[in-house]
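Coordinate inspection notes
Spelled out from the first residue to the last, the chains are:
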Amino acid sequence: DRLFAQAIEVLRQLGAVIIDPTDLPHAGEYDAAENEYVLDVSKDRLEAAPGFDSDNWPSMADEKWNRDVYKYYDRSPYWEE
C-alpha cells in the first residue's frame, strides 16, 4: 500500500489527475485487452491541457495550480472529496 501511495504521489507531481475509475461517467469504455480506459476527450483538448516544462516544475503545494488542473478536467480536487 505504501509503494502504491508513493507511485500515486509521483504521478500527481508530474501533473497527472488521478481519477477513480468508478467516477468516470463519461469515460467511454474500458479496454481490457489494452488495460486502459478510453476517455471521451478530444485530441485538441488534451493538447491544450495544463502542463509544464520538465525543467521548470510548478510547486505542487500551489493550490491555484492544482485547482486549475482539476477545473480544466471538470473534476473536484481529491482533497475536497
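Residues numbered from 1 in each chain as written. Predicted model: local features only at pLDDT ≥ 70, side-chain atom pairs only at ≥ 80, totals over all residues. Heavy atoms only, no water.

Together, Val-10, Leu-11, Leu-14 and Trp-57 line one region of the surface with nonpolar side chains, adding up to about 360 Å² of accessible area. Assignment of secondary structure puts Trp-57 in the loop between helix H2 (43-47) and helix H3 (63-72). (Patch = residues over 30% accessible without salt bridge, like charges linked within 9 Å, V, L, I, M, F, W, Y side chains within 5 Å. Areas by Shrake-Rupley, 256 points an atom, 1.4 Å probe, with all protein chains shown as cover. Salt bridge = Lys/Arg side-chain N within 4 Å of Asp/Glu carboxyl O. Helix = DSSP H or I, 4+ residues; strand = E, 2+ residues; numbered from the N terminus.)

A few words now on helix H1 (residues 2-13). Side chains of residues three or four places apart in an α-helix project in the same direction, reflecting 3.6 residues per turn. Here H1 contains twelve residues, and its C-alpha end-to-end distance of 17 Å stays within 8% of the 16 Å for a straight helix at 1.5 Å per residue. Looking one or two residues past H1, Gly-15 carries a phi angle of roughly 95°, positive in sign. (Expected span 1.5 Å × (residues − 1).)

A few words on the confidence of the model for the protein chain. Per-residue confidence for the protein chain averages 77 on the pLDDT scale, and 81% of its residues sit at or above 70. Highest mean pLDDT in the protein chain belongs to H3 (89); lowest belongs to strand E1 (residues 29-31) (70). (pLDDT = per-residue confidence, 0-100.)

So, about the pattern of salt bridges. Scanning the entire structure with this criterion turns up three salt bridges. When the shortest N-O distance is used, the salt bridge between Arg-67 and Glu-63 registers 2.7 Å. One end of the pair is Arg-67 and the other is Glu-63, both in helix H3 and four residues apart, which spans about a single turn. What makes Arg-67 partly exposed here is its relative accessible area of 30%. Classification of Glu-63 as partly exposed rests on a relative accessible area of 42%. Note that Arg-67 is salt-bridged to Glu-80, the shortest N-O span being 2.6 Å. (Buried < 20%, exposed > 50% of the residue type's maximum accessible area, 1.4 Å probe, protein only.)

With that out of the way, let us pick up the packing of aromatic side chains. Evaluated as defined, the whole model comprises six aromatic pairs. Consider the rings of Tyr-70 and Trp-79, whose centres lie 5.8 Å apart with planes at 75°: the pair is edge-to-face. Here Trp-79 falls in the partly exposed class, since its relative accessible area comes to 34%. By way of ring pairs, the aromatic residues Phe-52, Trp-57 and Trp-65 are connected into one cluster. The aromatic ring of Tyr-72 is capped on one face by Arg-45, whose charged end is 3.9 Å from the ring centroid. (Phe/Tyr/Trp six-rings, centres within 6.5 Å; stacked < 30°, edge-to-face > 60°. Lys NZ or Arg CZ within 6 Å of the ring centre and 35° of its normal.)

When you line up the elements, Asn-66 lands in helix H3. Looking at Asn-66, the relative accessible area reads 14%, which means it is buried. Engagement of the side chain of Asn-66 in a polar contact is seen with the backbone oxygen of Asp-62, the distance being 3.0 Å. (Polar contact = N/O pair within 3.5 Å; in protein donor to acceptor, adjacent residues only side chain to side chain.)

Along the polypeptide, Tyr-72 turns up in helix H3. If we skip the residues at most four places from it in the chain, Tyr-72 touches Arg-45, Ala-48, Ala-49 and Pro-50. (Contact = heavy atoms within 4.5 Å.)

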